[in-house]
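# Descriptive structure summary
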Amino acid sequence: MPDPYDDTYTESQVIMTAVKIIAPFTLTYGLFMTFHGGGAPGGGFQGGTIVAVTVLMLAFAFGIEPTRQWLRNSFLVGLITGGVVIFGAIGLGMIALGGNFLEFYQLKEVFHIKPKWGLEAIEIAGISLIVSGVMISLFFSMAAGFTPERPSGTGGREESADQGVSDDD
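I will try to describe carefully the structure that is included in this document. Model, not experiment: these values are computed from the prediction.

## Here we look at the overall build of the protein chain
Counting secondary structure elements, the protein chain contains 6 helices and 0 strands. Helices and strands appear in the protein chain in the N-to-C order α-α-α-α-α-α. Here the protein chain holds 169 residues, and the buried ones make up 29% of them. Looking at the protein chain alone, contacts between residues at least 24 apart form 58% of all its contacts between residues at least 6 apart. Of the roughly 11,200 Å² that the protein chain leaves accessible, carbon and sulfur atoms contribute 65%.

Shown next as C-alpha cells:
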C-alpha cells in the first residue's frame, strides 16, 4: 500500500542550479543591506530578512530536512540569543555610562565617538541576528506542518466529542 503522506519535495536540476547561482548574490545583498543600513535605506531588519530568505531558497532547492540538519536548532537558538544579548548589553552599557537605555549620546560624551556607532552596533550585531534567526526558525516550524503523526495540530492526539467543553462545565 503506498504511503498516503507525500513529502512534496521534488528534486529539480534547474531550480538547484539557479539557487546555486543566485544564493551568493542574495546573501551578499543581505549583508550589504545590514552593513549599509545606518546611513541609507536598509538596516538590520531588512538585511536579516534577506539573509534568512537566502536560507529559505536553499531549503526549497535542496530540501527542507537537509537544510534543517545543516542549520541545527542549537545554532538558530544561539543566533537569536546572541542577538538579544548583544542588544541588551549595548543598551545596558549606555545605562552604565550614565545615560538611558540605548541613549547613544553617551558614547560621544564618554568615548568621544559618534553616537551613530552605537546604532550601527545594534543594527549589525543585534537586530540582524535576531531577525534572520527568527525568520529561519519560523520557516522550519511551519514547514514541519501536519504529518500522519500529528494530523490535527494536537500533537497526534485524537480529540473526541466528549472531551470538549460543554455548557454544564
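## Considerations on the packing of helix H2 (residues 44-62) against helix H6 (residues 116-144)
Packing of H2 against H6 brings their axes to within 7 Å, and their N-to-C directions diverge by 35 degrees. When the axes of H2 and H6 are compared, the crossing they make is right-handed. Between H2, through Gly44, Phe45, Gly48, Thr49, Val51, Ala52, Val55, Leu56, Ala59 and Phe60, and H6, the contact on the second element is made entirely by Glu123, Ile127, Ser128, Val131, Ser132, Met135, Ile136 and Phe139. Of the residues that constitute the contact of H2 with H6, the class distribution is 12 nonpolar, 5 polar and 1 charged.

## Remarks on the pattern of salt bridges
If you walk through the whole model with that rule in mind, you get 1 salt bridge. With a closest N to O distance of 3.0 Å, Glu65 and Arg68 form a salt bridge. With Glu65 and Arg68 both in helix H3 (residues 64-70) and 3 residues apart, the pair spans about one turn of that helix.

## Describing the environment of Leu119
Mapped onto the fold, Leu119 is located in helix H6. It is 8.3 Å that separates the C-alpha atoms of Leu119 and Leu102, two residues lying 17 residues apart in sequence.

## A look at the nonpolar core
By size, the foremost hydrophobic cluster in this structure holds 9 residues: Ala52, Val55, Leu56, Ala59, Leu71, Leu76, Ile136, Phe139 and Phe140. Elements represented by at least two residues in this core include exactly H2 and H6. Among the elements that line this core, the one with the most residues is H2, at 4 residues. If sequence neighbours within four positions are ignored, Leu76 has contacts with Leu71, Ile136, Ser137 and Phe140.

## Thoughts on the side chain of Thr67
Position of Thr67 relative to the elements: it lies in helix H3. Residue contacts for Thr67: discarding those within four places in its chain leaves Val55, Leu58, Ala59 and Phe140.

## Regarding the environment of Gly63
As for its placement among the helices and strands, Gly63 is situated in the loop between H2 and H3. Here Gly63 falls in the buried class, since its relative accessible area comes to 3%. Along the backbone, Gly63 and Thr10 are 53 residues apart, and their C-alpha atoms lie at a distance of 8.4 Å.

What counts as what
- Residues numbered from 1 in each chain as written.
- Predicted model: local features only at pLDDT ≥ 70, side-chain atom pairs only at ≥ 80, totals over all residues.
- Heavy atoms only, no water.
- Helix = DSSP H or I, 4+ residues; strand = E, 2+ residues; numbered from the N terminus.
- Buried < 20%, exposed > 50% of the residue type's maximum accessible area, 1.4 Å probe, protein only.
- Contact = heavy atoms within 4.5 Å.
- Areas by Shrake-Rupley, 256 points an atom, 1.4 Å probe, with all protein chains shown as cover.
- Axes fitted to C-alpha atoms, helices over the stretch in contact; angles between N-to-C directions.
- Left-handed = near helix turned anticlockwise from the far one by under 90°.
- Nonpolar A, V, L, I, M, F, W, Y, C, P; charged D, E, K, R; others polar.
- Salt bridge = Lys/Arg side-chain N within 4 Å of Asp/Glu carboxyl O.
- Core = buried A, V, L, I, M, F, W, Y, C linked by side-chain atoms within 4.5 Å.

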